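Breakdown of the fold
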Amino acid sequence: MGAADKLIPENLDKSRFDQWFDQRFESKMAEREAAHVPSLSIIATKGTMDWAYPPFILASTASALGWDVSVFFTFYGLELLKKDLHLEISPLGNPSMPMKMPFGPQWLKDINWNVPNAVMAGLPGFEKVATGLMKQTVKSKGVATIDELRHACIEADVKLFACQMTVDLFGYSQDEFIPEIEGWIGAASFLPTAQKSDVCLFV
Amino acid sequence: MSTNATQSLDTRGMNCPLPILRTKKALSAMSAGETLAVTATDPGSLKDMQAFCKQTGHELISSSTNQGEFEFLIRRA
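The model shown is predicted, which means the values in this text are computed figures rather than measured ones.

The rules we used
Residues numbered from 1 in each chain as written. Chains lettered and ligands numbered in written order. Predicted model: local features only at pLDDT ≥ 70, side-chain atom pairs only at ≥ 80, totals over all residues. Helix = DSSP H or I, 4+ residues; strand = E, 2+ residues; numbered from the N terminus. Rg over C-alpha atoms; globule rule 2.2 N^0.38 Å. Buried ≥ 20, exposed ≤ 12 C-beta atoms within 10 Å, placed from the backbone. Contact = placed C-beta atoms within 7 Å. Axes fitted to C-alpha atoms, helices over the stretch in contact; angles between N-to-C directions. Left-handed = near helix turned anticlockwise from the far one by under 90°. Nonpolar A, V, L, I, M, F, W, Y, C, P; charged D, E, K, R; others polar. Parallel < 35°, antiparallel > 145°, perpendicular 65-115°, else oblique. Pairing = 2+ DSSP bridges. Core = buried A, V, L, I, M, F, W, Y, C linked by C-beta atoms within 7 Å.

What follows covers the overall build of chain A. In terms of regular secondary structure, chain A is built from 9 helices and 5 strands. Listed by position from the N terminus, the elements making up chain A come as α-α-β-α-β-α-α-α-α-β-α-β-α-β. In terms of overall size, chain A is more extended than a compact globule, its C-alpha atoms giving a radius of gyration of 25 Å where 203 residues would be expected to give roughly 17 Å. Dimensions of chain A, computed from C-alpha atoms along their principal axes, come out at roughly 90 × 45 × 30 Å. Across the 203 residues of chain A, 23% fall into the buried class. Here the analysis covers contacts within chain A between residues at least 6 apart in sequence; of these, 75% occur between residues at least 24 apart.

See below:
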């Protein structure tokens, strides 16, 4: 006889006990699930304006759903935590980025300008112009700015963590960043958070 | 727009995820049982608002489409 069997009285109706246990187990599990607060961990590694959207959209939306959210900003992702956001896009080497005019008559807006990489690379200020056009598109389509989404995250208590190693590596100083940063940590500190979260994304 | 709602929120012209974020913010400032009428033009809001209410426990009393505009009536949990 095992140790567990000794706890059960000999005259117990085993099948009735099993039935009771199954029901109790189900209800306890349902109770636990109802009380569970979902959690999301995001590792944000990109520092261009286009790639700034996914982490901030997912984080702010998850917090609106009542989830616990933590975001770890590392490498170029740290750029998203700067006090002054100077995020740009680079269409160079990105064949998926539509190159469309955000203004003018509809026929003009519908044209996808197929600019060869060599032209993009050789034209001074090309990225500045592309960034300006992207900002215009964002505005005209009613999409939030990165600043707005970041603000929404802060308001909703999304925990923003900065990678200390990247700060050292790129020679930044902590006062270049927003004061709402929850902590200056490393991979060893963020991974246990990621491990316990229901959803973990690398962006 | 429903006239009998406690509060109303206009998210017309806003795109994902702003309508949800603004709705959540408005609901947070209200008391349980009060109702919020939301207007939106984002076609994604039709599904998003359902998912939002399901997840947060607020009651989506009604949702309707009217000439490219969406109207939602939500009761705060």
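This is not the end of the story, as more comes after the structure.
Let us now look at the packing of helix H3 (residues 49-64) of chain A against helix H1 (residues 18-28) of chain B. Their axes nearest at 9 Å, the elements H3 of chain A and H1 of chain B cross at an angle of 35°. Remark: the crossing between H3 of chain A and H1 of chain B carries left-handed chirality. Across the interface between the two elements, Ser-60, Thr-61 and Ala-64 of chain A from H3 of chain A touch Ile-20, Leu-21 and Lys-24 of chain B from H1 of chain B. Looking at side-chain class alone, the contact of H3 of chain A with H1 of chain B contains 3 nonpolar, 2 polar and 1 charged residues.

Before going further, it helps to spend a moment on unusual backbone geometry. Residue and element names in this part refer to chain B. With an omega dihedral of 0°, the bond running from Cys-16 to Pro-17 counts as a cis peptide bond. Inspection of the secondary structure assignment puts Pro-17 in the loop between strand S1 (7-11) and H1. Unusually for a residue other than glycine, Gln-67 sits at a positive phi of about 50°. Within the element layout of this structure, Gln-67 appears in the loop between strand S3 (59-66) and strand S4 (69-75).

Let's shift gears to the packing of H3 of chain A against helix H7 (residues 146-155) of chain A. Residue and element names in this part refer to chain A. As a packed pair, H3 and H7 sit with axes 9 Å apart at the nearest point and diverge in direction by 30°. Relative to H7, H3 is oriented roughly parallel. Note that H3 runs across H7; the crossing there is left-handed. Of H7, the residues touching H3 (which contributes Met-49, Ala-52, Phe-56, Ile-57, Ala-59, Ser-60 and Ser-63) are Ile-146, Leu-149, Arg-150, Ala-152 and Cys-153. Here the contact of H3 with H7 is built from residues that sort into 9 nonpolar, 2 polar and 1 charged.

Okay, the sheet that holds strand S2 (residues 68-73) of chain A next. For sheets, the rule is that strands pair by backbone hydrogen bonds, running either parallel or antiparallel. Residue and element names in this part refer to chain A. A sheet is described by the order of its strands in space; here 5 strands give the open sequence S4-S3-S2-S1-S5, paired in parallel fashion. Bordering the open sheet on either side are strand S4 (183-185) and strand S5 (199-202), each of which pairs with just one other strand. Across the sheet, the mean angle separating the axes of adjacent strands is 20° when strand polarity is ignored. Bridge count for strand S1 (residues 39-44) against S5 is 4 bridges, and the pairing is parallel. Residue pairing across strands places Ser-41 opposite Cys-200, the latter belonging to S5.

For the rest of this paragraph, the subject is the nonpolar core. Here is a general trend for soluble globular proteins: nonpolar side chains tend to be buried in one another's company. The biggest cluster of nonpolar side chains holds 50 residues, and the ones touching the most others in it are Ala-59, Val-71 and Phe-73 of chain A. Counting residues per element, this core draws most heavily on H3 of chain A, which supplies 8 residues.

Before going further, it helps to spend a moment on the sheet that holds S4 of chain B. Residue and element names in this part refer to chain B. Here 4 strands make up an open sheet; going across it, the order is S1-S2-S4-S3 and the pairing mixed. Among the strands making up the open sheet, the edge pair consists of S1 and S3. When strand polarity is set aside, the average angle formed by the axes of neighbouring strands in this sheet is 15°. Note: S3 against S4, 7 bridges, orientation antiparallel. Bridge pairing in S4 links Ser-63 to Phe-72. Packed onto the sheet, H1 meets S1, strand S2 (35-40) and S4 and runs at close to 160° relative to S1. Contacts from helix H2 (residues 45-56) reach S2, S3 and S4 within the one sheet, and its direction differs from that of S3 by about 175°.

Okay, the interface of chain A and chain B next. Across the boundary between the two partners, chain A contributes 11 residues, which contact 11 residues of chain B. The biggest single contributor to the side of chain A that touches chain B is H3 of chain A, with 4 residues. Each residue belonging to the side of chain A that touches chain B can be placed in one class, and the counts come to 6 nonpolar, 4 polar and 1 charged.

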